[in-house]
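Overview (structure and organization)
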Amino acid sequence: MTKEEIKEKKRKSQDDLKTERKKHKKDKKDKKDKKDKKDKKDKKDKKDKHKNSSVDSDVVTEKPSETDISAFYEENEVSVDYPVEKHIQPVLKFDELSLDSRIKSALSVFSKPTPIQSVSWPYLLSGKDVIGVAETGSGKTFAFGVPAINKLVSQSGKPKGVQVLVISPTRELASQIYDNLVLLTEKANLDCCCVYGGVPKHEQREKLKKTQVVVATPGRLLDLMQEGSVDLSNVSYLVLDEADRMLEKGFEEDIKNIIKATNTKGRQTLMFTATWPKEVRELASSFMSDPVKVSIGNRDELSANKRITQIVEVIDQFQKEKKLLELLKKYQSGAKKDDKVLIFALYKKEAARVERNLNYNGYKVAAIHGDLSQQQRTQALNEFKSGASNLLLATDVAARGLDIPNVKTVINLTFPLTVEDYVHRIGRTGRAGQTGTAHTLFTEQEKHLAGALVNVLNGANQPVPEELKKFGTHTKKKEHSAYGAFYKDVDMNKKPKKITFD
Ligand SMILES: Nc1ncnc2c1ncn2[C@@H]1O[C@H](COP(=O)(O)OP(=O)(O)OP(=O)(O)O)[C@@H](O)[C@H]1O
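- You'll find the chain entered in an unreviewed UniProt entry as ATP-dependent RNA helicase DBP3, with Torulaspora globosa given as the organism.
- Recorded in UniProt for the chain, the comment headed Catalytic activity (unreviewed entry) runs: "ATP + H2O = ADP + phosphate + H(+)".
- Recorded in UniProt for the chain, the comment headed Subcellular location (unreviewed entry) runs: "Nucleus, Nucleolus".

Here you go:
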């Protein structure tokens, strides 16, 4: 090849490269334009979708403006999984809702509905089955509770038999839901009864004879059903609170047996939770009829409350208890000395050891775990709620649902067995619009959960420590949902052990 030919070839290949680059740039631009166009269209569709949603005149008395609704949907990242033509507009103020005046008066302590209440109430009041997914501490108890009691008071005459049943995974949570529902039933001259294990049955049997509303943990409820002390055949409003926990494989049979005993034809079924993993969705739908799924925030991915500052520290597991003492100094000294701190351990043996160690170091600590009697558990929780004690040590029995005022910090001394449990645990702070901090000690033992934790941190715009990234960011699929918060040793080869609620 002559020099000229070589030059010509070089020039040609440079031209080719230029054309290639130009083409690539153009493709990229086209792609971007296409995406922008699609985003614009999606946004428009979303707006139109809300415009198209109908007002159910029976449940909504006043119509909020379309602009208000669009702004509300966007601000709260509301998603309603239901055919557009069947959508019902949300209620943005209590006044917009057609509710019994006694129930309205019980709500007057609040200024307006929370987003999950705004969106789910119109569907619930018109008799629809609803799956409600919203962050921890966002008012889900009244979201399902208000329509339940309103349904009872709308009947002519005093309703007979148990008509509303709420199932909850722990005794403490059942008791808290009961405390909330009683605020409504008392006003409406109805009875509410709470049924859970660890306390004598006699009083519960007596109350069951005349109540219309029951809040229960599954174990004790089944026990009372088997001895014939409760008839669920009139239950026409059934709620699974912390629904994903209640649908885990180890609990499936108990829940099926309870649901079978309810009024299967005319029943309205509700599932509420802050985490809705794919694994439970199919089973959930088998108990529901044409459900509306309402989510607040982007809840298709596991996500934590964004008002919680999440700090994750990767440390050697033998350093954990020393580190805990440092953290308590950090979170409970000076101006913060009376701040409430909740510490999570994983196993009850671990909790008992840490409790001794904290007492030895001069901390007055209340504790809730499975080795304690129900009376001790209730007393510890009450002391922490009232502020008589500002340090509570708990296992995952306290991870879900508990609404304890002013918990400033959650410390995860040992990481839970699932990242869903992590989201629930840290959700004990930052409730009802407040902020909070979650400080988590992460060790190599939990490295298989690192990827999922990184996703949760990223999703809430929290810093991800380099040491955590080193464990790899792949997410391990949950192999069996029975290894939840109440499970002891995780051996993936073993058949899942049946977990019972009491
Ligand atoms: N409309 C409202 N406005 C302000 N606060 C409210 C409203 N409704 C309920 N709350 C309060 O918000 C707090 C949290 O409510 P709740 O315990 O029902 O949360 P949750 O969504 O069930 O949380 P979790 O997922 O942890 O179970 C409670 O103290 C409750 O009284």
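Description of the site of the ligand
- Neighbouring the ligand are 19 residues, the closest being Gly137, Lys140, Thr141, Asp403 and Arg431.
- Note that an oxygen atom of the ligand is positioned 3.2 Å from one of the side-chain N or O atoms of Glu242.
- Against a free-state accessible area of 650 Å², the protein chains account for coverage of 86% of the ligand.
- The element that contributes the greatest number of residues to the shell around the ligand is helix 5 (residues 140-153), accounting for three residues.
- Here the shell around the ligand is built from residues that sort into four nonpolar, eight polar and seven charged.
- Mapped onto the domain boundaries, the shell around the ligand takes at least three residues apiece from domain 1 (66-296) and domain 2 (308-470).

Some remarks on unusual backbone geometry
- You will see that Asn189, though not glycine, has its phi angle at about 60 degrees, which is positive.
- Residue position: Asn189 is located in the loop between helix 6 (171-187) and strand 4 (192-195).
- The phi torsion at Glu242 lies on the positive side, around 50 degrees, for a residue other than glycine.
- With respect to the helices and strands, Glu242 occurs in the loop between strand 6 (237-241) and helix 9 (243-246).

Here's the deal with the sheet that holds strand 12 (residues 391-394)
- Read across the open sheet, the six strands follow the order 9-14-13-10-12-11; overall the sheet is parallel. Edge positions in the open sheet fall to strand 9 (308-314) and strand 11 (366-368), since each of these has one partner strand only. Here the strands of the sheet are splayed against their neighbours by 15 degrees on average, with no regard to which way each runs.
- Where strand 9 and strand 14 (residues 436-442) come together, seven bridges link them in parallel fashion. Bridge pairing links Thr309 to Thr437 in strand 14.
- Helix 12 (residues 320-331) rests against strand 9, strand 10 (340-344), strand 12, strand 13 (407-412) and strand 14 of the sheet, and its axis sits at about 165 degrees to strand 14.
- Of the strands in this sheet, strand 10, strand 11, strand 12 and strand 13 are in contact with helix 14 (residues 374-386), which crosses strand 11 at around 130 degrees.

Quick look at helix 4 (residues 115-125)
- Where burial is concerned, most of helix 4 is hidden: ten out of the eleven residues are buried.
- Downstream of helix 4 by a residue or two, Gly127 has a phi angle that is positive, lying close to 90 degrees.

Re the sheet that holds strand 4
- On the basis of which strands lie adjacent, the open sheet formed by eight strands has the order 1-8-2-7-6-3-5-4 and mixed pairing. Every other strand in the sheet has two partners, leaving strand 1 (78-81) and strand 4 as the edge strands with one partner each. Across the sheet, the mean angle from the axis of one strand to that of its neighbour is 15 degrees, orientation sign disregarded.
- Bridge analysis of strand 2 (residues 130-133) against strand 7 (residues 268-273) gives four bridges, and the strand direction is parallel. Pairing of Gly132 across the sheet is with Phe272, part of strand 7.

So, how was this worked out
Within each chain, residue numbers correspond to sequence positions counted from 1 in written order. Given that the model is predicted, a residue must reach a pLDDT of at least 70 before its local features are reported, and side-chain atom pairs must reach 80 or more before they are shown or counted; all residues, however, enter totals for whole chains, interfaces and linings. Hydrogens and water are ignored here; the side-chain numbers use all heavy atoms of the structure. UniProt positions are given in the numbering used here, feature names are shortened, and annotations may be inferred rather than shown by experiment. Residues are labelled near a given molecule or strand when at least one of their non-hydrogen atoms is within 4 Å of it. Throughout this description, a polar contact denotes any pair of N or O atoms lying within 3.5 Å of each other; where both atoms belong to protein, one of them has to be capable of donating a hydrogen while the other can accept it, and for residues adjacent in sequence the pair is counted only when both atoms sit in side chains. Accessible areas in this description were obtained via Shrake-Rupley with a 1.4 Å probe; residue shielding takes into account the shown protein chains only. Think of it this way: any DSSP run of H or I at least four residues long counts as a helix, any run of E at least two long counts as a strand, and we number them from the N terminus. Residues are grouped as follows: Ala, Val, Leu, Ile, Met, Phe, Trp, Tyr, Cys and Pro are nonpolar; Asp, Glu, Lys and Arg are charged; all remaining types, including Gly, are polar. By convention here, the domain bounds are inherited from an automatic or database domain assignment. Only strands that DSSP links by at least two bridges are regarded as paired with each other. With axes taken as lines fitted to C-alpha atoms, and helix axes fitted only over the stretch in contact, angles between N-to-C directions fall between 0 and 180 degrees. Here, two residues are considered to be in contact whenever any of their heavy atoms come within 4.5 Å of each other. Residue burial is assigned from relative accessible area. The probe radius is 1.4 Å, only protein chains are included, and a residue is buried under 20% of its type maximum, exposed over 50%, and partly exposed in between.

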